[in-house]
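# Coordinate analysis (summary)
Okay, here's what each chain looks like letter by letter:
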Amino acid sequence: MPATTTAPPRAGLAPLFAGVLRSEARKLATDRSTTWALLAVVAFNVITAALLGALLPGHLSAHQKATIDSVRISLGGLHLSQVAIGLLGVLAVTGEYGSGMIRATLAAVPQRRLLLTAKALVLTATAAVTSIAACLAAYLAFQSFLPAGDAMRTTLAGPGVLRAVTGAALYLTVLALLGFGLGTVLRSGAGAVAVLFGVLFVPTLLAALLPSSWQDTVGRYLPMNAGDTIYTVRPEAHMLAPWTGFGVFCLYAAAALTAGFALIGRRDA
Amino acid sequence: MIEAHGLTKRYGATVAVDDLSFIVPPGQVTGFLGPNGAGKSTTMRLILGLDAPDSGSVTVGGRPYAAWRRPLFQAGALLEAKAFHGGRTARNHLLCLADSNGISRTRVDDVLDLVGLSGAARRRAGGFSLGMSQRLGLAAALLGDPPVLMLDEPVNGLDPEGVVWIRTLLRTLAAEGRTILLSSHLMSEMAMTADRLVIIGRGRLITQAPMADFLAAGSGGPATVRSPQAAELAARLAARGATITRHDGDTLIVTGTTPEEIGELARADGLTLTGLTAGQATLEDRYMELTRDSADYRAAPGEPAATRK
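As the structure is a computational prediction, the values presented were derived from the model and not from experiment.

## Digging into the overall build of chain A
When helices and strands are tallied, chain A shows 12 helices and zero strands. Mapped in sequence order, the helices and strands of chain A form the string α-α-α-α-α-α-α-α-α-α-α-α. C-alpha extents for chain A along the principal axes are approximately 80 × 40 × 30 Å. For chain A, buried positions account for 45% of its 269 residues. Within chain A, contacts between residues separated by at least 24 positions form 79% of all contacts whose residues are at least 6 apart in sequence.

## Concerning the sheet that holds strand E2 (residues 14-24) of chain B
All names here are of chain B. Spatially, three strands are ordered E2-E1-E4 in an open sheet, and the strand pairing comes out antiparallel. For this open sheet the edge positions go to E2 and strand E4 (55-60), each flanked by a neighbour on one side alone. Taking the axes of each pair of neighbouring strands and ignoring which way they run, one obtains an average angle of 20 degrees across the sheet. Here strand E1 (residues 2-11) runs beside E2; their pairing, made up of seven bridges, is antiparallel. Note on E2: the bridge partner recorded for Tyr11 is Thr14.

## Things to note about helix H10 (residues 283-291) of chain B
Residues and elements named next belong to chain B. All of the buried residues in H10 are Leu283, Arg286, Tyr287 and Thr291. Seen end-on, H10 carries its buried residues on one side only, within an arc spanning 110 degrees. Among the structural elements, strand E3 (28-33), helix H6 (187-193), strand E8 (196-201), strand E9 (204-210) and helix H7 (211-216) are those in contact with the buried residues of H10.

## Brief notes about the domain arrangement of chain B
When the domains of chain B are assigned, the result is domain 1 (2-209) and domain 2 (221-280). When each unit is reduced to the centre of its C-alpha atoms, the spacing between domain 1 of chain B and domain 2 of chain B is 46 Å.

## Side note on the pairing of strand E12 (residues 251-255) of chain B
Residue and element names in this part refer to chain B. With burial as the criterion, only one face of E12 is covered, namely that bearing Leu252 and Val254; the residues Thr251, Ile253 and Thr255 on the opposite face remain uncovered. Looking at chain direction, strand E10 (residues 221-226) and E12 are connected through four bridges and run antiparallel. In the sheet register, Thr224 faces E12, and the bridge partner there is Ile253. Of the strand pairs in this sheet, strand E11 (residues 243-248) and E12 are connected by five bridges, and their pairing is antiparallel. For Asp248, the partnering residue across the bridge sits in E12 and is Thr251. Connecting the antiparallel pair E11 and E12 is a turn made up of two residues, with Gly249 showing a positive phi of about 65 degrees.

Quick notes on the rules
- Residues numbered from 1 in each chain as written.
- Chains lettered and ligands numbered in written order.
- Predicted model: local features only at pLDDT ≥ 70, side-chain atom pairs only at ≥ 80, totals over all residues.
- Helix = DSSP H or I, 4+ residues; strand = E, 2+ residues; numbered from the N terminus.
- Buried ≥ 20, exposed ≤ 12 C-beta atoms within 10 Å, placed from the backbone.
- Contact = placed C-beta atoms within 7 Å.
- Pairing = 2+ DSSP bridges.
- Axes fitted to C-alpha atoms, helices over the stretch in contact; angles between N-to-C directions.
- Arc of directions from axis to C-beta.
- Domains from an automatic or database assignment.

Okay, here's the thing in structure tokens:
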């Protein structure tokens, strides 16, 4: 082995961060669960949209077709793909804790917040690119099954359509970050997945038991209800405006990430 | 060079490391010994900044480890054999670590070659045996060709050829002027590899000393004496407080005294000695002697002779 005793290269912050980014990108790319989660996101979205596009027109009346939020319907696969992308976010960090790799990682990059930033950026880019592709493909698949002249037909240039389709992808991306934040806080994959889907589904289910006036005032701020607005073209009266709702959803993810960043610097690995 | 000053670490009510100060000098293999639960692994985590001490400090190459940018060039560590994602190939695992410190692909292939894993580089590390995992961990520690190496039980699971290989490697690295901190429970292996010892028990420093001094400082090993008047000599020695552990014809094995005293006694009483050999205390003897009171987890003193009848 070469016996180098030369001084280590002086590393500035920028090249250091570039290396950490490359390392984190490689980790995500060489983890099989990433591939499965991303495939699931695309498959759930496209298959659900294709089935709905093929079956729904025959079951709806002309009136229903004219009033229904067909863009939101075409994104119905989100109910499933959000589980896959949430899992991706959780595993991006808890996978390292589960295997013990985290100690090798932190020994290589002791700047923990820098490390977490790199992880979050790589996850965001991966989730965003996949989600945009998956949501656009779902929309187009649904539309391609509709007969000519069907009232559910829209174009991306239609009012709110492009916002809803890209918004759905943003929703998935932020959901991955919410899972990532929870994973960082809890450091256990099973725990973080349970809390993530607890936070998403349980409040919405419980809210349904409340008096309807409460549902309208409180219910719209719940994570999933707030997040839903961004891919809704025909909002119901009690819903938040699309970007407001999405903003509220982002706050939940921001809270989890903030807690994660605060804790990772303080805790023993 | 690793320097620890007054390191203390508590986990809840347990004091894992208690006001621990020691140095690990360059150019030597320093053996890090202590019973199970003595705080060796905790100390190594504190050195790497994985855990934060409640008080005290430790530096690697003059700075706290976590203050180094690209610390793989400063120190390499093998703390646990399976600290990798089982789904990744050995090479990808190393590439992930190498990327983060700006280490080249060529170096990754070099260390794989060095630890003898070139043939398994593209296999998933999850399927590796303990010995192969140790080799992969060692490859990770060597990535930055660092002046400081810290290895926790590296020979665990290695075959005899691997044990010899790692001993030779560590001796070579130390001869190059590197600082090596090595923990192991295999005393014979440690005796062959280490130049210096840091021994801890219940989180506290018991001793730090060069191996030779450490071995010489003890009560010495059992002396072997030969005399045609063995029975008479044995009685005299016993009267002086020595213990005769074996009496076999002309030969006595004696502890609790020195060869000088035995020789003097024989001369004074006019007894003939036909042989007198000083026993060398082994590392194991000395270690047991020192840590007897600080072992947390120890088998109850059994009496196999009684059960055998």
